[in-house]
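What the coordinates show
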Amino acid sequence: MPRTKLVVGNWKMHGVGSDLAEIRAIADASSAYPNVDSGLCVPATLLERAAREVAPFPIGAQDVHRAAQGAHTGCSSTTMLLDAGAAMVIVGHSERREAQRETDAEVRAKAQAGLGGGLLVILCVGESLEVREAGDAVATVQRQLDASLPRDISVDKLAIAYEPIWAIGTGRTATPQDIGEMHGALRQRLVAAYGAAGQSIRILYGGSVKAQNAAEIFAVADVDGALVGGASLKSEDFVPIIAAAAAAGEG
Ligand code: PEP
C-alpha cells in the first residue's frame, strides 16, 4: 500500500515572532515538493501566528492534554489547538515522557484526544541506550507502542515516529539495518492492532536526521518520512530533507 512521505519539523522550545520569516521560507520552499506531506510543530506561543502566516502549510503543536477543558494549569486541549489553527500534534516525545513522566497510558489518551478532534497525531516511541545495548530494543519499543496506541477510534490520521532516545540531538543515527528492523517490527504491531488499516499508517524515523543522511534513511523499507529536530530550524537545512523524501517517492 503506497504511503506518501511525511516530513515534520519539531521546533521544541525554539522560536519567537522574529522567526516567522523562517517558517514562511520553509512553507514556501516546501510547495516545490507536492508529493511530500510536510509541516512544522512550533511552540504554543507561536502556533496561532504561524498558522495564520503560512496557511494552508500545516502547523502543529508539540503536546496536547487528554481532556477537552478543565482545571489543568498550563495545558492546551485539542479544541484550543484547533482554534489556534493547528493541523497536527506530537504526543509522547521522549523529552516529555522523561521530563514530564508521561506514561504510555497518558500518551494513548492524548493520541485519542487529538485524533478525536481531527488532528494528525504523531505518536513517538523509542528506546534508551541502555536498552539498545542490552539487545532489548525491538521488544521494548513494540511493548511501548502496544501500550500507547489509540483504541476504538479511526487511525486514518495517526503516524508513528520511531526515535531512539540516544540519537535525538546527539548527531548519532541508528544504522539503516537497525532502522529497518525496528520499522518492520512496528509495522507488525500496527497490523496486529488495526488489521489492513495498519498498513496505511506512516512510520517516521527521528534522531539526528540531516540533509546528509536523509536519502539513506528514506531508502529503508517502512520508513515513511522523518521527525526532525535541530535540522528543522533553518530552511537551508530542512528543505533538503523534504527534497530527499520527494526523491525517495512513496513507500
Ligand atoms: C526530535 O526532537 O524529535 C528529534 C528527532 O531531534 P533531532 O533531529 O535534533 O535529533
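Look up: the structure comes first, before these words.
Reference entry: report on the structure contained in this document. (Residues numbered from 1 in each chain as written. Predicted model: local features only at pLDDT ≥ 70, side-chain atom pairs only at ≥ 80, totals over all residues. Heavy atoms only, no water.)

**Digging into the site of the ligand**
- Taken together, 14 residues surround the ligand, and among them K12, E163, G169, S208 and G229 come closest.
- One of the side-chain nitrogen or oxygen atoms of N10 is found 3.4 Å away from an oxygen atom of the ligand.
- For the ligand, an oxygen atom lies 2.7 Å from a polar atom in the side chain of K12.
- Notes on the ligand: free accessible area 290 Å², of which the protein chains cover 95%.
- Across the shell around the ligand, the residue classes tally to 4 nonpolar, 8 polar and 2 charged. (Near = heavy atom within 4 Å. Polar contact = N/O pair within 3.5 Å; in protein donor to acceptor, adjacent residues only side chain to side chain. Areas by Shrake-Rupley, 256 points an atom, 1.4 Å probe, with all protein chains shown as cover. Nonpolar A, V, L, I, M, F, W, Y, C, P; charged D, E, K, R; others polar.)

**Some words on unusual backbone geometry**
- A cis amide bond links A55 to the next residue, P56, at an omega of 10°.
- Mapped onto the elements, P56 comes out in the loop between α2 (44-54) and β3 (59-61).
- Positive phi values are uncommon outside glycine, yet R101 reaches one of about 50°.
- Summarising the element assignment, R101 is placed in the loop between α4 (94-99) and α5 (104-116). (Helix = DSSP H or I, 4+ residues; strand = E, 2+ residues; numbered from the N terminus.)

**Some words on the pairing of strand β8 (residues 225-228)**
- Burial along β8 is two-sided: G225 and L227 facing one way and A226 and V228 facing the other are all buried.
- Relative to β8, strand β1 (residues 5-10) runs parallel, the two sharing 4 bridges. Among the inter-strand pairings, V8 is bridged to a residue of β8, identified as L227.
- Summarising the sheet, strand β7 (residues 202-206) and β8 pair through 2 bridges and their orientation is parallel. Within the sheet, the bridge partner assigned to Y205 lies in β8 and is A226.
- Crossover handedness for the path β7 to helix α9 (residues 211-218) to β8: right-handed. (Buried < 20%, exposed > 50% of the residue type's maximum accessible area, 1.4 Å probe, protein only. Pairing = 2+ DSSP bridges. Right-handed = clockwise from strand over helix to strand, strands pointing away.)

**Considerations on the pattern of salt bridges**
- Going through the model one piece at a time under the given rule, you end up with 18 salt bridges.
- In this structure, K12 engages E95 in a salt bridge whose closest nitrogen and oxygen atoms are separated by 2.8 Å. Of this pair, K12 sits in the loop between β1 and α1 (20-30) while E95 sits in helix α4; the two residues are 83 residues apart in sequence, bridging distant segments of the chain.
- Of the residues examined, E95 reaches a relative accessible area of 36% and is grouped as partly exposed.
- Between R24 and D28 there is a salt bridge; the shortest N-O distance is 2.7 Å. (Salt bridge = Lys/Arg side-chain N within 4 Å of Asp/Glu carboxyl O.)

**Section: the environment of T170**
- By the element assignment, T170 lies in the loop between β6 (158-162) and α8 (176-194).
- With 31 residues separating them in the primary sequence, T170 and A139 have C-alpha atoms 24 Å apart.
- A polar contact of 3.1 Å, which involves the side chain of T170, links it to the backbone nitrogen of R172.

**Observations regarding the sheet that holds strand β2 (residues 36-41)**
- Taken in spatial order, the 8 strands of this closed barrel run β1-β2-β3-β4-β5-β6-β7-β8, and their pairing is parallel. On average, each strand axis in the sheet is inclined to that of its neighbour by 25°, with strand direction left out of account.
- Where β2 and β3 come together, 2 bridges link them in parallel fashion. Paired with C41 across the strands is G60, a residue of β3.
- Each of β5 (120-125), β6 and β7 touches α8; the most contacted strand, β7, lies at about 150° to it. (Axes fitted to C-alpha atoms, helices over the stretch in contact; angles between N-to-C directions. Contact = heavy atoms within 4.5 Å.)

**Brief notes about the packing of α5 against helix α7 (residues 137-148)**
- The geometry of α5 relative to α7 is characterised by a closest axis approach of 7 Å and an angle of 50° between their N-to-C directions. Between α5 and α7, the angle falls in the class oblique. Counting all contacts with α5, which are made through D104, A105, V107 and R108, the residues of α7 involved are Q144, D146, A147 and S148.
- Residue composition of the contact of α5 with α7, grouped by class: 3 nonpolar, 2 polar and 3 charged. (Parallel < 35°, antiparallel > 145°, perpendicular 65-115°, else oblique.)

**Observations regarding the nonpolar core**
- I23, I59, L158 and I160 are the most contacted members of the largest nonpolar core, which has 64 residues in total.
- If one sorts the elements of this core by residue count, helix α10 (residues 235-248) sits on top with 6 residues.
- Setting aside its immediate chain neighbours within four residues, I23 contacts W11, L40, V42, L46, A50, V54 and I59. (Core = buried A, V, L, I, M, F, W, Y, C linked by side-chain atoms within 4.5 Å.)

**Quick word on the packing of α1 against α10**
- In contact at an axis separation of 10 Å, α1 and α10 are set at 25° when each is read in the N-to-C sense. Comparing their axes, α10 and α1 come out roughly parallel. For the pair α1 and α10, the crossing hand works out as right-handed. Across from E22, A25, I26, A29 and S30 in α1, the residues of α10 making contact are S235, F238, V239 and I242.
- When its residues are assigned to classes, the contact of α1 with α10 shows 6 nonpolar, 2 polar and 1 charged. (Left-handed = near helix turned anticlockwise from the far one by under 90°.)

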